[in-house]
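Spelled out from the first residue to the last, the chains are:
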Amino acid sequence: MKRLVVISGPAGVGKGTLVKMLLERNEDFTASVSCTTRAPRVGEIDGTHYFFITKERFEEKIAEDGFLEYDRHFDNYYGTPKDFVLKTLKEKNVILEIEVNGAMQVKKAYPKTMLVMIVPPSLEELKERLIQRNSETEETLAKRLARVDYELSFCKQYDFVIVNDDLESAYQALLKTIKQ
Ligand code: 5GP
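Just so it is clear, the model here is predicted, and its values are computed rather than measured.

Peer 1: Where do I start with the overall build of the protein chain in this structure?
Peer 2: The helix and strand tally for the protein chain stands at 7 helices and 9 strands. Each principal axis of the C-alpha distribution contributes one length, and for the protein chain these read about 40 × 40 × 30 Å. Relative to its 180 residues, the protein chain shows a buried fraction of 44%. Restricting to contacts in the protein chain with at least 6 residues of sequence separation, those with at least 24 account for 67%.

Peer 1: Any chance you could explain the packing of aromatic side chains here in plain terms?
Peer 2: Where two aromatic rings form a pair, the distance of their centres and the angle of their planes describe that pair. Under the defined criterion, the tally for this structure stands at 8 aromatic pairs. Each ring, one from Phe58 and one from Phe67, has its centre 4.4 Å from the other, and the planes form 20°; the classification is stacked. Among the residues examined, Phe58 registers a relative accessible area of 0% and is labelled buried. Classification of Phe67 by relative accessible area gives buried; the value is 7%. Summarising the aromatic geometry, the rings of Phe67 and Tyr70 are spaced 6.1 Å apart at their centres and angled 50° between planes, so their arrangement reads as tilted. Using a relative accessible area of 31% as the deciding quantity, one classes Tyr70 as partly exposed.

Peer 1: Explain the packing of helix 1 (residues 15–25) against helix 7 (residues 167–179) here, please?
Peer 2: At a minimum axis distance of 10 Å, the contact between helix 1 and helix 7 shows a crossing angle of 60°. When the axis of helix 1 is compared with that of helix 7, the two are oblique. For the pair helix 1 and helix 7, the sense of crossing is right-handed. When helix 1 is examined against helix 7, the residues Thr17, Leu18, Met21, Leu22 and Arg25 are found in contact with a partner set consisting of Leu167, Glu168, Ala170, Tyr171, Gln172, Leu174, Leu175 and Ile178. Broken down by class, the residue content of the contact of helix 1 with helix 7 amounts to 9 nonpolar, 2 polar and 2 charged.

Peer 1: What should I look at first to understand helix 4 (residues 100–109) in this one?
Peer 2: Three or four residues apart is the spacing at which side chains of an α-helix point the same way, because the helix has 3.6 residues per turn. Taken together, the buried positions of helix 4 are occupied by Val100, Asn101, Gly102, Ala103 and Val106. Where the residues of helix 4 are buried, they touch strand 1 (4–8), strand 5 (67–73), strand 7 (93–97), strand 8 (114–119) and helix 6 (138–152). Near the N-terminus of helix 4, the side chain that reaches the backbone nitrogen of Asn101, with its oxygen 3.0 Å away, is that of Glu99.

Peer 1: Help me understand the layout of surface pockets, please; the structure alone is not making it clear to me.
Peer 2: Empty space among the atoms becomes apparent when a probe as large as a water molecule is rolled across them. Taken as a whole, the largest pocket spans an internal volume of roughly 1600 Å³. Taken together, 46 residues form the lining of the largest pocket, with Lys15, Arg38, Arg41, Tyr50 and Glu97 sitting closest to its centre. With 6 residues, the single largest contributor to the lining of the largest pocket is helix 1. Along the lines of polarity and charge, the residues of the lining of the largest pocket split into 16 nonpolar, 16 polar and 14 charged. Approximately 180 Å³ is the volume attributed to the second largest pocket. Residue classes in the lining of the second largest pocket are distributed as 5 nonpolar, 1 polar and 3 charged.

Peer 1: Please clarify how the sheet that holds strand 3 (residues 35–36) should be interpreted in this entry.
Peer 2: Strand pairing in a sheet is mediated by backbone hydrogen bonds. Such pairs are either parallel or antiparallel. With mixed pairing, the 4 strands of this open sheet are ordered in space as 4-3-6-5. Both outer strands of the open sheet, strand 4 (51–52) and strand 5, are each paired with one neighbouring strand and no more. As defined by bridge partners, strand 3 adjoins strand 6 (residues 76–81) across 2 bridges and the pair is classed as antiparallel. Looking at the pairing, Thr36 lines up with Tyr78 of strand 6.

Peer 1: Help me understand the sheet that holds strand 7 in this model?
Peer 2: If you trace the 5 strands from one edge of the open sheet to the other, you get 2-7-1-8-9, paired in parallel fashion. Each of the sheet's edge strands pairs with one partner strand only, and the pair in question is strand 2 (29–31) and strand 9 (160–163). Geometrically, the sheet is characterised by an average inter-axis angle of 25° between neighbouring strands, direction not taken into account. Where strand 1 meets strand 7, 4 bridges bridge the pair, whose relative direction is parallel. Paired with Val6 across the bridge in strand 7 is Leu96. Together, strand 1, strand 2, strand 7 and strand 8 form the strand contacts of helix 1, whose direction differs from that of strand 7 by roughly 165°.

Procedures and definitions
- Throughout, a residue's number is its position along its own chain's written sequence, starting from 1.
- With the structure being a predicted model, the display of local features is reserved for residues of pLDDT at least 70 and the display and counting of side-chain atom pairs for 80 or more, all residues being used for whole-chain, interface and lining totals.
- Side-chain metrics in this entry use all non-hydrogen atoms of the structure; hydrogen atoms and water are not considered.
- By definition, any uninterrupted DSSP run of H or I lasting at least four residues is a helix, any uninterrupted run of E lasting at least two residues is a strand, and each is numbered from the N terminus.
- Only protein chains enter the accessibility calculation, which uses a 1.4 Å probe. A residue is then buried if its area is under 20% of the maximum for its type, exposed if over 50%, and partly exposed in between.
- Any two residues having at least one pair of non-hydrogen atoms within 4.5 Å are treated as being in contact.
- The pairing test for Phe, Tyr and Trp rings, Trp by its six-membered ring, is centres within 6.5 Å, and the orientation test on the planes gives stacked under 30 degrees, edge-to-face over 60, and tilted for anything in between.
- All axes here are fitted lines through C-alpha atoms, helices being fitted over the stretch that makes contact, and every angle between N-to-C directions spans 0 to 180 degrees.
- Just so you know how the angles are binned, under 35 degrees is roughly parallel, over 145 roughly antiparallel, 65 to 115 roughly perpendicular, and the rest oblique.
- By definition, turning the near helix anticlockwise from the far helix through less than a right angle yields a left-handed crossing, and turning it clockwise yields a right-handed one.
- Each residue is assigned to one of three groups, with Ala, Val, Leu, Ile, Met, Phe, Trp, Tyr, Cys and Pro labelled nonpolar, Asp, Glu, Lys and Arg labelled charged, and all others, Gly among them, labelled polar.
- N or O atoms closer than or at 3.5 Å make up a polar contact, with two conditions inside protein: a donor-capable atom paired with an acceptor-capable one, and, for residues adjacent in sequence, both atoms drawn from side chains.
- Here a cavity is any set of points on a 1 Å grid over the protein atoms alone where a 1.4 Å probe fits but cannot get out, and a pocket is any open set with protein on both sides within 12 Å along at least 5 of 7 lines; a residue lines the site when it has an atom within 4 Å of a point.
- Grid points are joined across faces, edges and corners, and a volume is the space filled by probe spheres set on the points.
- Each pair of strands is called paired provided DSSP finds at least two bridges between the two strands.

Right, dumping it as structure tokens:
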């Protein structure tokens, strides 16, 4: 059995970039592709970024016990397919880039899971960036900002916390952490 690693962090912290670097530079790691009911964003490919499925299909999969974990996040479901992860773990380390509620479920079911939280060097700067790039309503923005605090409030329950100050240094810290 290889290692299962969860990577979480608030929106805009750069966790997606770090995971991409990790996958590109390390053949012994693979990422799970999650299922979601949210609509694809421009450039997202079904089966690569997510499996984009309907709410009905997602709920069927919950009933079939098809998820390792799942959560409702901003009115959409997100979940990790159980089959893929358990099968892949026989040969490769698996990375799950998921939010904190899902991370807690995985740790409970598989206590050996390594939980890594990526945090920003400055909370104010991160929030300012989210405000600048926000294209939504005031209410959605308020929810997103509150969500940043919520995600970060879970730091103590994570095995490792990495500050994404300089991208390459954060990547090296992440690599060292998960290979130890
Ligand atoms: P986005 O809609 O921006 O792609 O993702 C929103 C949040 O959902 C991110 O924090 C992302 O890490 C998380 N997420 C993506 N896939 C899963 C999943 O399978 N399970 C859970 N619990 N969260 C997920």
